[in-house]
Amino acid sequence: MQVPAYVEYEKATSVQHALTLLARFGPEARILAGGHSLIPMMKLRLAQPETLIDINALTDLRYIKATGGELRIGAMTRHADLLSSALAGQHFAILHDAERVIADPIVRLWGTVGGSLCQADPSEDLSAAFAALKATMVIASLDGTRTVSARQFHVGPFETVVEPGEILTEIRIAIEPGGGSAYEKVGRRVGDWPVGAAGAAVWLDGAGDSRAGGSKAGDSKAGDSKAGDSKAGDSIREARIGLTAVGAEHFSAAAAEEFLRGAPASEESYARAGQIAAEHCNPVSDQRGPAEYKRHLACELTVRALRRAVARAAAGPGGVT
Amino acid sequence: MQITVNVNGTEHARVIEPRLLLIHFIRDELGLTGSHWGCDTSNCGACVVWLDETPVKSCTVLAAMADGRNVMTVEGLGSDRGLDVVQQAFARCHGLQCGFCTPGMMLTARWLLDHHPDPSDAEIREALSGQICRCTGYENIVRSVRWAAEQQAVNNHGQQP
């Protein structure tokens, strides 16, 4: 029988209240969001907080909205909310790709986006997805708020820059027209952590401007005949790659991104980028597979994610891929 | 700490340790043993109950988190008028063998049909993918949910004037 060790419990009624409680109970207090990572960790004594501060009542942190040229996701957004959000999918298909393969439908109903990120598992899917999107994390404390890049959010396995006394409240992603994104994961079975996974977001040169873009997605241009027919000559203006479970620094592949900037959107480019991404990984052998297989996955899944992201960018917001 | 949880329409107030898991609260404190305690790792889904409007794996939720909320267990699935159509379906289509996974399967099936009254077999399998039947009787479980969907459509149609 697995039960958590003795712990105190407080229910926060607002962000301010949660921050006050964090200040009162000190560094051994932990925020309890969906609990679907923290409670299993507590059962195994891998986490043993003195006090849990339950923030499930903070429904004002549960939202997905487009504002100020950004997609903004509240930290208490449940995985199922993100998966069912047409707004999120329309701007960043990678988020739907990733959510579809996170845990299982029941866990997704209760687990939260912010909780997953703060758990900071080195195999977390959303960490790679948000790294690929160069998202910005908003962190609140009693002194105000600060922002941190998704790529600087993690300082090590199960460790983030969120300090005692702070709470992650929001994730922001800049909406840049003309892009496409995708996420590819290999897992052993439904609901498992990835053996390896890669996400990509790309913007094509000469493509984005002529097509219906980001914040106007869903407009009349979505059905334009131009969409999707000029892919052959496109080059990649900007590419971003996220990797998880393969020991990639900052959940990303900076060298492969650098290589892709200005490169033709071709199979050769994807293959080379995949190789570079794999070379910069540092996977470890474990029960999910040997390191060399994970390195192979880092390469192959980067290729697949790039291929699909480019196809989506070329097809435009109305395209189906 | 004291919590008050409405379970199947009845309020229950108890003094608990904050570390008590919801599944143990339901089974040991309230004596409602229809919810099963399975893998303890949120993998198997035998412990699924509804917390407010959604199914949850109650081995991974603290009873304290249910304070002030509504819980529905398999005991609350039927009504005075009889079994829920999902329960009828599992009985009729042999959707259970040993029965250990059945309460969780039915509660998830109920939720699925509330949101997708006419799911495809693929959608049924996806919805149940977080739940394990170690008798491996999945064919009949899917058939049961399918039958429940069809029967529900007939019932609803029958109520039209």
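This structure is a prediction, so every number in the text was calculated from the model and none was measured.

Residue and element names in this part refer to chain A. If you walk across this open sheet you meet the 3 strands as β11-β12-β13, and the pairing is antiparallel. At either margin of the open sheet sits one strand with a lone partner, and together these are β11 (179-187) and β13 (236-244). Neighbour-to-neighbour, the strand axes of this sheet turn through a mean angle of 10°, independent of strand direction. Where strand β12 (residues 194-204) meets β13, 8 bridges bridge the pair, whose relative direction is antiparallel. Bridge pairing in β13 links Trp 203 to Glu 238. Strands β11, β12 and β13 of the sheet are contacted by helix α11 (residues 291-315), whose axis makes an angle of about 35° with β12.

All names here are of chain A. Structurally, the position occupied by Ser 266 is in the loop between α9 (254-260) and α10 (267-279). With 16 C-beta atoms packed within 10 Å, Ser 266 lands in the partly exposed category. Linking Ser 266 and Arg 295, residues 29 residues apart in sequence, is a C-alpha distance of 22 Å.

To continue, consider the domain arrangement of chain B. It is common to give the size of an interface as the accessible area that goes away when the parts come together. Residues and elements named next belong to chain B. For chain B, the assigned domains read domain 1 (2-76) and domain 2 (85-158). One C-alpha centre belongs to domain 1, the other to domain 2; they are set 22 Å apart. Listed as interface residues are 14 residues of domain 1 and, on the opposing side, 11 residues of domain 2. Breaking the side of domain 1 that touches domain 2 down by element, the ones donating at least two residues are β3 (48-51) and β4 (54-57). If one sorts the elements of the side of domain 1 that touches domain 2 by residue count, β3 sits on top with 3 residues. Tallied by class, the residues present in the side of domain 1 that touches domain 2 amount to 8 nonpolar, 6 polar and no charged.

Reading the values: rules and limits
Numbering of residues starts from 1 in each chain and follows the order in which that chain's sequence is written. Starting at A for chains and at 1 for ligands, labels are handed out in the order in which the entities are written. Under the rules for a predicted model, residues below a pLDDT of 70 receive no local features and side-chain atom pairs below 80 are neither given nor counted, while totals for whole chains, interfaces and linings still include all residues. The pairing criterion is simple: DSSP has to find at least two bridges between the two strands. By definition, any uninterrupted DSSP run of H or I lasting at least four residues is a helix, any uninterrupted run of E lasting at least two residues is a strand, and each is numbered from the N terminus. The axes used here are C-alpha line fits, helices contributing only the stretch in contact, and every angle between their N-to-C directions lies in the interval 0 to 180 degrees. Each residue gets a C-beta atom placed from its backbone, and two residues are in contact if those atoms lie within 7 Å. To sort residues by exposure, count the other C-beta atoms lying within 10 Å of each residue's C-beta; 20 or more gives buried, 12 or fewer gives exposed, and values between give partly exposed, all with C-beta atoms placed from the backbone. Where each domain starts and ends follows an automatic or database-derived domain assignment. The nonpolar class holds Ala, Val, Leu, Ile, Met, Phe, Trp, Tyr, Cys and Pro. Asp, Glu, Lys and Arg form the charged class, and all remaining residues, Gly among them, are polar.

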